[in-house]
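# Per-entry structural report
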Amino acid sequence: MKRDKAVTWQRVSPAALQLAGQRIAVVGGTGGLGRALARALAAGGAHVIVVGRTFRDAGVRNIEFLEADLTTMREADRVAGLIPAETLDSIVFTTGIMAAPQRQETADGIERDMAISFLSRLVILRAVAHRLGVGRPAGRARARVFVMGFPGAGNVGSLDINAERSYKAMTHHMNTVAGNEILVLDAARRYPHLDVFGLNPGAVSTAIRSNFMGEGSIKHRMLEGVLRLMTPTPETYAGRIAPLLASPGISGHSGSMFDRKGDAVLPSDGLTEKYIADYLEASTRLVAKTGVPVAS
């Protein structure tokens, strides 16, 4: 990844965060990095809505739960209607899995990793973007969108969005990675009233690899054990990045990407405007087959 030296921000201790009055939604905030971020933001005083399947933080101050299983596009559309976008200061997308060794399909007929890790985010963001933050008091900074993936790492993916022509698990997972970087770059141009950013946490020990390696398998346990020794914990990453999410220093830098330390990085080469448009057209056509329209 190449550093983007044009974007800098003032780093503060997560203990110094003063987020009272901020309202933030974390889609995927019930596990892994999303949960760690949600807890860090709530500890700083923000009111956090977490979207996910299993709520693990009942009784934690400032955290509210919206139950959802984002394997289907209709469920993503339902969630978009329930999120109080008008009053939000930020929405953070962290939902994701890794593709399985053998191709899996959702009830919609969409490859499961693509459905959860990218297309559900596309549906939700497009549905809420025009009303995001519009009901807040006057004088607030532009509402923000953060999309977690692996931006800046050179992944451009392919237009075989549903892996119907060929399927290799890691190749297809990298297509969801490309989709999320494309989502940031497109939304930064499409919604000038918002600031949209990409987040690249790098390798962190979470449950995201369980679908690929077999949850609880020996190789899965061994890999996660090694990762715990060699990489930051979800809580360490959240402590670094939660201050970024609220930093005034990134205002006006919509389309910027940030690595696991919070340093700005440049977008991946090859994501031209035409390719972005073609990728999103193929994605919206796939979603439309499920009967769920994708907003413009």
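On a predicted model such as this, the values are computed, not experimentally measured, just so you know. (Residues numbered from 1 in each chain as written. Predicted model: local features only at pLDDT ≥ 70, side-chain atom pairs only at ≥ 80, totals over all residues. Heavy atoms only, no water.)

## Let's talk about the packing of aromatic side chains
Heads up, the rule is: Only the six-membered ring of Trp is used, alongside the rings of Phe and Tyr, when aromatic pairs are assigned; centres must lie within 6.5 Å, and planes under 30 degrees apart are stacked while those over 60 apart are edge-to-face, with the rest tilted. Strands here mean DSSP runs of E at least two residues long; helices mean DSSP runs of H or I at least four residues long; both are numbered from the N terminus. Working definition: with a 1.4 Å probe on protein chains only, accessible area under 20% of the residue-type maximum means buried, over 50% means exposed, and in between means partly exposed.
Throughout the structure, instances matching the rule amount to 5 aromatic pairs. Ring geometry for Phe118 and Tyr279: centres 5.8 Å apart, planes at 65 degrees, overall edge-to-face. Placement of the pair is Phe118 in helix α3 (residues 112-128) and Tyr279 in helix α8 (residues 273-288), with a sequence separation of 161 residues. Taking the relative accessible area as the measure of exposure, Phe118 reaches 0% and is therefore buried. Taking relative accessible area as the criterion, Tyr279 reaches 0% and is therefore assigned buried. For the pair Tyr275 and Tyr279, a centre-to-centre distance of 6.2 Å together with 50 degrees between the ring planes defines the contact as tilted. Pair noted here: Tyr275 and Tyr279 are both in helix α8, with a separation of 4 residues, about one helical turn.

## Focus on the pairing of strand β5 (residues 144-148)
To be explicit about the condition: Two strands form a pair only when DSSP identifies at least two bridges running between them. Crossover handedness is defined by viewing with both strands directed away from the observer: a clockwise path from the first strand over the helix to the second marks the crossover as right-handed.
Across the 5 residues that make up β5, a large majority, 5, are buried. Bridge count between strand β4 (residues 90-93) and β5: 4 bridges; the pairing is parallel. In the sheet register, Ile91 faces β5, and the bridge partner there is Val145. On the question of chirality, the crossover connecting β4 to the parallel β5 by way of α3 is right-handed. Bridging between β5 and strand β6 (residues 195-199) involves 5 bridges; their strand directions are parallel. Bridge assignment links Val145 to a residue of β6, and that residue is Val196. Note that the unit made of β5, helix α4 (residues 169-190) and β6 has a crossover that is right-handed.

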